[in-house]
Amino acid sequence: PGTKSMQTIIPANAFAVSFVVKPTDIDGLNHAANYRICQWISDAALAHSYALGFDEARYRQLGGWFVLRRHEIDYHLQIRLADKLTVYTWTTVLTKVTAYRRHVILREGDANPLVTALNTWAFIDVHTSRPKRMPDELRDVFDPRKFQKE
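Residues numbered from 1 in each chain as written. Predicted model: local features only at pLDDT ≥ 70, side-chain atom pairs only at ≥ 80, totals over all residues. Heavy atoms only, no water.

## Topic: helix 2 (residues 34-51)
It helps to recall that an α-helix has 3.6 residues per turn; residues three or four apart then point in one direction.
Consideration 1: With 18 residues, helix 2 should cover 26 Å at 1.5 Å per step; its first-to-last C-alpha distance of 26 Å lies within 8% of that length.
Consideration 2: All buried positions along helix 2 are accounted for by Arg36, Ile37, Trp40, Ile41, Ser42, Ala44, Ala45, His48 and Ser49.
Consideration 3: Just beyond helix 2, the residue with positive phi is Gly53, at close to 95 degrees. (Helix = DSSP H or I, 4+ residues; strand = E, 2+ residues; numbered from the N terminus. Expected span 1.5 Å × (residues − 1). Buried < 20%, exposed > 50% of the residue type's maximum accessible area, 1.4 Å probe, protein only.)

## Considerations on the pairing of strand 4 (residues 98-107)
Consideration 1: Burial of strand 4 is extensive: seven of the 10 residues sit out of reach of the surface.
Consideration 2: As judged from the nine bridges shared by strand 3 (residues 84-94) and strand 4, these two strands associate in the antiparallel manner. Paired with Trp90 across the strands is Arg102, a residue of strand 4.
Consideration 3: For strand 4 and strand 5 (residues 113-125), the ladder comprises nine bridges, and the chain directions are antiparallel. Residue Arg101 lies in a different strand from strand 5, and its bridge partner there is Asn119.
Consideration 4: Hairpin remark: strand 4 followed by strand 5, antiparallel, with five residues in the connecting loop; positive phi at Gly109, about 80 degrees. (Pairing = 2+ DSSP bridges.)

## Description of the nonpolar core
Consideration 1: The biggest cluster of nonpolar side chains holds 15 residues, and the ones touching the most others in it are Ile37, Trp40, Ile41, Ile79, Leu85, Ile105 and Val115.
Consideration 2: Breaking this core down by element, the ones donating at least two residues are helix 2, strand 3 and strand 5.
Consideration 3: No other element matches helix 2, which puts four residues into this core.
Consideration 4: In this structure, Ile37 is in contact with Ala32, Tyr75, Ile79, Ile105 and Val115, ignoring residues within four places of it in sequence.
Consideration 5: Counting 13 residues, the second largest nonpolar core, distinct from the first, contains Tyr59, Leu62, Phe123 and Val141. (Core = buried A, V, L, I, M, F, W, Y, C linked by side-chain atoms within 4.5 Å. Contact = heavy atoms within 4.5 Å.)

## As for the side chain of Thr91
Consideration 1: Looking at the element boundaries, Thr91 is found in strand 3.
Consideration 2: For Thr91, the residues in contact, after removing those within four places along its chain, are Tyr100, Arg101, Phe142, Pro144 and Phe147.

## Quick notes on the packing of aromatic side chains
Consideration 1: Per the stated rule, a full pass over the model turns up eight aromatic pairs.
Consideration 2: Measuring from ring centre to ring centre gives 5.0 Å for Tyr59 and Trp65, while their planes differ by 70 degrees; the resulting arrangement is edge-to-face.
Consideration 3: Owing to a relative accessible area of 3%, Tyr59 belongs among the buried residues under this scheme.
Consideration 4: Arranged with centres 6.0 Å apart and planes meeting at 85 degrees, the rings of Tyr59 and Phe66 form a pair that is edge-to-face. (Phe/Tyr/Trp six-rings, centres within 6.5 Å; stacked < 30°, edge-to-face > 60°.)

## Topic: the environment of Lys146
Consideration 1: Relative to the helices and strands, Lys146 resides in the segment after helix 4 (136-141).
Consideration 2: Separated by 132 residues in sequence, Lys146 and Ala14 place their C-alpha atoms 9.1 Å apart.
Consideration 3: Beyond its immediate chain neighbours, meaning those up to four positions away, Lys146 contacts Asn13, Asp140 and Val141.

## Let's talk about the sheet that holds strand 3
Consideration 1: Here five strands make up an open sheet; going across it, the order is 1-3-4-5-2 and the pairing antiparallel. Each edge of the sheet is formed by a strand with only one pairing partner; in this case those strands are strand 1 (15-20) and strand 2 (64-75). Geometrically, the sheet is characterised by an average inter-axis angle of 25 degrees between neighbouring strands, direction not taken into account.
Consideration 2: On the sheet, helix 2 packs against strand 1, strand 2, strand 3, strand 4 and strand 5 and is oriented at approximately 135 degrees with respect to strand 2. (Axes fitted to C-alpha atoms, helices over the stretch in contact; angles between N-to-C directions.)

Remember that the coordinates give geometry; whether it matters functionally is a separate question.
Right under this line is the structure:
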């Protein structure tokens, strides 16, 4: 998206969610509140999962669910009221019970990242809340090779 430099960062098939920044997203410093940015990132990951057919009902059938273990967020430029944003997200690494997911937030018409992030998600058993091995069908859908640069 945007420029050649951004194409090296965001895979062509990364999942994308676009929206406009609302007054309720803005903090006392007149830019997007940090907690809202965390929410947008988490919402994008959930929307990606749903788009791939893994909604709450499907996870219950699998007996497992992803929980967020860690946010690593770099804030590069301020996000302001009425900015038109897109959150890009994709899986970068899968282990038996852990998924690592990258995120980039861009403003419409600007290839400079506003926010970059890496999240660590653990797959847990819905009954015991203990780590659980991801089923093969889930690993296949989120296989990081599907999101490598093209």
